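Summary of structural features
Each chain is listed here by its residues.
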Amino acid sequence: MKKTKFYIGICLVVQCVCFGIAALILWGQKKSLAKALAITAGIGGISGAALIAFALHEKKKIASCCDDCLDDFDDDFFMDDEDDVFCMIDDEDEVADESEGASEI
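Residues numbered from 1 in each chain as written. Predicted model: local features only at pLDDT ≥ 70, side-chain atom pairs only at ≥ 80, totals over all residues. Heavy atoms only, no water.

Side note on the environment of alanine 55
So the rule is basically this: By the criteria applied, helices consist of DSSP H or I runs no shorter than four residues and strands consist of E runs no shorter than two, each listed in order from the N terminus. Here, two residues are considered to be in contact whenever any of their heavy atoms come within 4.5 Å of each other.
With respect to the helices and strands, alanine 55 occurs in helix α2 (residues 33-77). When the C-alpha positions of alanine 55 and lysine 2 are compared, they lie 8.1 Å apart, and in sequence the two are 53 residues distant. Apart from the residues within four sequence positions on either side, alanine 55 is in contact with Lys5 and Phe6.

Description of the state of the cysteines
To keep it simple, the criterion reads: Only a pair of cysteine sulfur atoms within 2.5 Å qualifies as a disulfide here. Each residue's exposure class comes from its accessible area (1.4 Å probe, protein chains only) as a fraction of the maximum for that residue type: buried when under 20%, exposed when over 50%, partly exposed otherwise.
Summed over the entire model, instances satisfying the criterion amount to zero disulfides. Cysteine 16 carries a free sulfur, and the closest cysteine sulfur to it, the one in cysteine 18, is 9.1 Å from it. On the basis of relative accessible area, cysteine 16 is assigned to the partly exposed category, the value being 21%.

Focus on the packing of aromatic side chains
The cut-off we apply is this: Side-chain rings of Phe, Tyr and Trp (the six-membered ring for Trp) are treated as a pair once their centres are within 6.5 Å; stacked means planes under 30 degrees apart, edge-to-face means over 60, and tilted covers the remaining angles.
In total, this model carries one aromatic pair according to the counting rule given. Between phenylalanine 6 and tyrosine 7 the ring centres are 5.9 Å apart and the planes differ by 65 degrees, which places this aromatic pair in the edge-to-face class.

Here we look at the pattern of salt bridges
Threshold: Counted as salt bridges are all cases of a side-chain nitrogen of Lys or Arg within 4 Å of a carboxyl oxygen of Asp or Glu.
If you walk through the whole model with that rule in mind, you get one salt bridge. One salt bridge in this structure joins glutamate 58 and lysine 5, with 3.5 Å as the shortest N-O distance. In this pair, glutamate 58 is assigned in helix α2 and lysine 5 in helix α1 (residues 4-28), connecting sequence segments 53 residues apart. Judged by its relative accessible area of 28%, glutamate 58 is partly exposed.

Points about the environment of tryptophan 27
Its place among the elements puts tryptophan 27 in helix α1. Each C-alpha atom, one on tryptophan 27 and one on leucine 37, is 9.8 Å from the other, the two residues being 10 residues apart in sequence. Not counting residues within four places of it along the chain, the set of residues in contact with tryptophan 27 comprises Ala34 and Lys35.

Brief notes about unusual backbone geometry
A positive phi is found at lysine 30, a non-glycine position, where the angle reads about 55 degrees. Relative to the assigned elements, lysine 30 resides in the loop between α1 and α2. Take lysine 30: its relative accessible area is 75%, and that puts it in the exposed class.

Have a look at this one:
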(Lines give C-alpha, C1' and ligand atoms only; values in the text may rest on other atoms or scores of the structure.)
Protein backbone atom coordinates (compact mmCIF):
# COMPACT_ATOMS: atom_id res chain seq x y z
CA MET A 1 0.00 0.00 0.00
CA LYS A 2 2.99 2.29 0.47
CA LYS A 3 3.76 2.50 -3.25
CA THR A 4 0.15 3.25 -4.22
CA LYS A 5 0.67 7.03 -4.08
CA PHE A 6 3.67 6.76 -6.38
CA TYR A 7 1.81 4.64 -8.96
CA ILE A 8 -1.27 6.86 -8.89
CA GLY A 9 0.99 9.89 -9.40
CA ILE A 10 2.62 8.22 -12.43
CA CYS A 11 -0.83 7.44 -13.88
CA LEU A 12 -2.00 11.02 -13.40
CA VAL A 13 1.11 12.41 -15.13
CA VAL A 14 0.63 10.03 -18.08
CA GLN A 15 -3.05 11.03 -18.23
CA CYS A 16 -1.97 14.68 -18.17
CA VAL A 17 0.26 14.15 -21.20
CA CYS A 18 -2.49 12.34 -23.12
CA PHE A 19 -5.11 14.96 -22.29
CA GLY A 20 -2.65 17.70 -23.23
CA ILE A 21 -2.05 16.16 -26.64
CA ALA A 22 -5.81 15.70 -27.17
CA ALA A 23 -6.43 19.32 -26.10
CA LEU A 24 -3.85 20.58 -28.61
CA ILE A 25 -5.42 18.56 -31.40
CA LEU A 26 -8.93 19.77 -30.54
CA TRP A 27 -7.73 23.35 -30.05
CA GLY A 28 -6.53 23.37 -33.67
CA GLN A 29 -10.01 22.28 -34.75
CA LYS A 30 -11.61 24.96 -32.52
CA LYS A 31 -13.69 22.47 -30.51
CA SER A 32 -15.17 23.56 -27.17
CA LEU A 33 -13.96 20.36 -25.48
CA ALA A 34 -10.32 21.51 -25.84
CA LYS A 35 -10.53 23.92 -22.89
CA ALA A 36 -11.99 21.26 -20.61
CA LEU A 37 -9.27 18.79 -21.57
CA ALA A 38 -6.57 21.43 -21.04
CA ILE A 39 -7.88 22.25 -17.57
CA THR A 40 -8.17 18.57 -16.67
CA ALA A 41 -4.64 17.97 -17.93
CA GLY A 42 -3.29 20.81 -15.81
CA ILE A 43 -5.04 19.67 -12.64
CA GLY A 44 -4.03 16.04 -13.20
CA GLY A 45 -0.43 16.98 -13.87
CA ILE A 46 -0.16 19.09 -10.72
CA SER A 47 -1.77 16.46 -8.51
CA GLY A 48 0.30 13.66 -10.07
CA ALA A 49 3.53 15.57 -9.53
CA ALA A 50 2.51 16.31 -5.94
CA LEU A 51 1.77 12.63 -5.25
CA ILE A 52 5.10 11.52 -6.73
CA ALA A 53 7.00 14.15 -4.72
CA PHE A 54 5.17 13.16 -1.52
CA ALA A 55 5.87 9.45 -2.08
CA LEU A 56 9.58 10.08 -2.76
CA HIS A 57 9.79 12.31 0.33
CA GLU A 58 8.27 9.53 2.49
CA LYS A 59 10.68 6.98 1.02
CA LYS A 60 13.65 9.23 1.74
CA LYS A 61 12.40 9.86 5.27
CA ILE A 62 12.03 6.13 5.98
CA ALA A 63 15.46 5.37 4.50
CA SER A 64 17.16 8.02 6.64
CA CYS A 65 15.41 6.71 9.75
CA CYS A 66 16.58 3.16 9.04
CA ASP A 67 20.15 4.33 8.44
CA ASP A 68 20.18 6.06 11.83
CA CYS A 69 18.83 2.95 13.53
CA LEU A 70 21.46 0.75 11.92
CA ASP A 71 24.23 3.12 12.97
CA ASP A 72 23.04 2.99 16.59
CA PHE A 73 22.79 -0.79 16.42
CA ASP A 74 26.38 -1.12 15.21
CA ASP A 75 27.69 1.17 17.93
CA ASP A 76 25.86 -0.62 20.73
CA PHE A 77 26.51 -4.24 19.90
CA PHE A 78 29.78 -4.51 18.03
CA MET A 79 33.07 -3.84 19.72
CA ASP A 80 36.25 -3.70 17.69
CA ASP A 81 38.59 -4.66 20.54
CA GLU A 82 36.84 -7.75 21.87
CA ASP A 83 35.83 -11.05 20.37
CA ASP A 84 32.33 -12.22 21.21
CA VAL A 85 33.01 -15.87 20.47
CA PHE A 86 35.32 -17.91 22.67
CA CYS A 87 36.11 -21.41 21.45
CA MET A 88 37.92 -24.05 23.43
CA ILE A 89 39.12 -27.04 21.46
CA ASP A 90 40.50 -30.05 23.33
CA ASP A 91 43.14 -32.30 21.87
CA GLU A 92 41.88 -35.61 20.53
CA ASP A 93 44.05 -37.52 23.02
CA GLU A 94 42.41 -35.84 26.00
CA VAL A 95 38.96 -36.55 24.61
CA ALA A 96 39.87 -40.20 24.03
CA ASP A 97 41.24 -40.53 27.60
CA GLU A 98 38.04 -39.11 29.05
CA SER A 99 35.85 -41.48 27.04
CA GLU A 100 37.91 -44.53 28.24
CA GLY A 101 37.62 -43.42 31.85
CA ALA A 102 33.86 -43.07 31.54
CA SER A 103 33.46 -46.64 30.30
CA GLU A 104 35.27 -48.02 33.37
CA ILE A 105 32.78 -46.50 35.79
